[in-house]
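Per-entry structural report
Here is what each chain is made of, one letter per residue.
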Amino acid sequence: MRATAGRVWLVVGAGLGVVVASVALGVAYGEQPLSLRGAFGADETATTVLWALRLPRVLLAALVGAALAASGSMLQALLRNPLADPFVLGVSGGAALGATVALALGLSTTALGLSATSLFALGGAVGATALVLAVGRASREAGTTTTLLAGVIFNAFALAAIIFIKALVAPDRLGEVLFWLAGSIGVESWAALGVTAGLVLPAIGVMATLSPRLNLLALGDDDARALGVDVERTRRWLLLLASTAVAAAVALTGLVGFVGLLVPHLARLVLGADQRLALPASAALGAAFLVLADLAARLSFRALHAEPPVGVITALLGGPLFLALMVRRLRATPS
């Protein structure tokens, strides 16, 4: 146990180092390079760019990447399905529907540093999560499968509602809706970042604390019960924590795909299936991956004279990488 605990802290330390390095790169480079020495010195312009533009954006990318990847790692272990994604719980559908309504109505109210779009997205995600978990709990065959089926059904309903709203929305607002749905990292206020961090970081921390039980759940419900795990209660807590982290993330950025699907595979490839190692590693790698993907989106402005949504970058990077991992896994599987 001592060796395992030491390895966990080694992974956490290495993960933090990767995150710090990626954040430093994300802050230093972009459409124009930024001198960190000048930003912390007498260059007022560089200081303003650092604290008002670069650092809030990079930290938001890190928080969102960590939330999506940690939730994806947890869900893939809980469901014993490597294709599980953080959005299967209905969070994405609720957030997208809420944001679409706010954008279609042209709302601009702010509260707690969050825009109306973010507030509606957060409210939609929370409402969808509550509905999906309630359906799963009320079912006679309550369990993960029922909950996920409810999430898939709600996502389908939300997609239909979004298409209906898009058909009615004014053309000048349709572009905003499509851009939000594609997933984008913007510059948020420090208050908004505080709210997001206050939801995401505790959720990841508790998921990491529950990772030993998650390892037992991965063996199957009967085996976990025999080893003293309260299966239903632990499962509900894990699903609620994942939904909270993902809801806080997508409320500010929209739907950023592949982070929660690809990054946990990379973490397990290096560290194995033990969630005490894979979950914190996924959070760190997810943060670094999205920071670097956002950096790639900003650097592409120099050539394209336009900045693509970061969700497009993660899809372009994540799709081929995920296919390569699948091919490698199939080749390694005995026939």
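Use the structure listed above.
A word on the overall build of the chain. Helix and strand counts for the chain come out as 15 helices and 0 strands. Its C-alpha radius of gyration of 20 Å places the chain within 12% of the 20 Å reference for a compact globule of 335 residues. Taken along its principal axes, the extent of the C-alpha atoms in the chain is 60 × 50 × 40 Å. Residue burial in the chain is summarised as follows: out of 335 residues, 48% are buried. In the chain, of all internal contacts separated by at least 6 residues, the share reaching a separation of at least 24 is 76%. If you sum the accessible surface of the chain, you get close to 15900 Å²; carbon and sulfur atoms cover 68% of it. Here the chain carries 22 positive and 16 negative side-chain charges, and the mean point of each set is 7 Å from the other.

By the definition in use, this model includes 2 aromatic pairs. Ring centres of Trp51 and Trp190 lie 6.5 Å apart, and the angle between their planes is 45 degrees; on these two criteria the pair is classed as tilted. With Trp51 in helix α3 (residues 44-79) and Trp190 in helix α8 (residues 190-209), this pair connects stretches of sequence that are 139 residues apart. For Trp51, a relative accessible area of 41% puts it in the partly exposed group.

For the coordinates displayed, the defined rule picks out 7 salt bridges. Across the pair Glu232 and Arg225 runs a salt bridge whose closest N-O atoms are separated by 2.4 Å. Residue Asp294 pairs with Arg298 through a salt bridge whose shortest N-O separation is 3.3 Å. Taken together, the positions of Asp294 and Arg298, both in helix α13 (residues 275-299) and 4 residues apart, correspond to about one turn of that helix. If you follow the salt bridges from partner to partner, you end up with Arg57, Asp294, Arg298 and Glu307 in one network.

The next thing to look at is the nonpolar core. Residues Met74, Met207, Leu238, Val259 and Leu290 are the most contacted members of the largest nonpolar core, which totals 93 residues. Of all the elements, α3 adds the most residues to this core, at 19 residues. When neighbours within four sequence positions are excluded, Leu238 is seen to be in contact with Met74, Leu78, Met207, Leu210, Leu214 and Leu217.

Here helix α11 (residues 231-253) spans 33 Å end to end across 23 residues, near enough to the 33 Å set by a 1.5 Å rise per residue. Gly254 occupies a position one or two residues after α11 and carries a positive phi of about 80 degrees.

A few words now on the packing of helix α5 (residues 116-138) against α11. With their axes 8 Å apart at the nearest point, α5 and α11 run at an angle of 160 degrees to one another. Accordingly, the angle class assigned to the pair α5 and α11 is roughly antiparallel. Here the hand of the crossing between α5 and α11 comes out right-handed. Only Arg236, Leu239, Leu240, Ser243, Ala247, Ala248, Ala251 and Leu252 of α11 make contact with α5, whose side of the interface consists of Ser118, Ala121, Leu122, Ala125, Thr129, Leu133 and Arg137. Of the residues that constitute the contact of α5 with α11, the class distribution is 10 nonpolar, 3 polar and 2 charged.

Tracing the sequence through the fold places Ala242 in helix α11. Put simply, Ala242 and Arg298 are 56 residues apart on the chain and 29 Å apart in space, counted from C-alpha to C-alpha. Those residues in contact with Ala242 that sit more than four places away from it in its chain are Ser71, Met74 and Met207.

Scoring rules and cut-offs
- Residues numbered from 1 in each chain as written.
- Predicted model: local features only at pLDDT ≥ 70, side-chain atom pairs only at ≥ 80, totals over all residues.
- Heavy atoms only, no water.
- Helix = DSSP H or I, 4+ residues; strand = E, 2+ residues; numbered from the N terminus.
- Rg over C-alpha atoms; globule rule 2.2 N^0.38 Å.
- Buried < 20%, exposed > 50% of the residue type's maximum accessible area, 1.4 Å probe, protein only.
- Contact = heavy atoms within 4.5 Å.
- Areas by Shrake-Rupley, 256 points an atom, 1.4 Å probe, with all protein chains shown as cover.
- Lys, Arg positive; Asp, Glu negative; His and termini not counted.
- Charge placed at Lys NZ, Arg CZ, Asp CG, Glu CD.
- Phe/Tyr/Trp six-rings, centres within 6.5 Å; stacked < 30°, edge-to-face > 60°.
- Salt bridge = Lys/Arg side-chain N within 4 Å of Asp/Glu carboxyl O.
- Core = buried A, V, L, I, M, F, W, Y, C linked by side-chain atoms within 4.5 Å.
- Expected span 1.5 Å × (residues − 1).
- Axes fitted to C-alpha atoms, helices over the stretch in contact; angles between N-to-C directions.
- Parallel < 35°, antiparallel > 145°, perpendicular 65-115°, else oblique.
- Left-handed = near helix turned anticlockwise from the far one by under 90°.
- Nonpolar A, V, L, I, M, F, W, Y, C, P; charged D, E, K, R; others polar.

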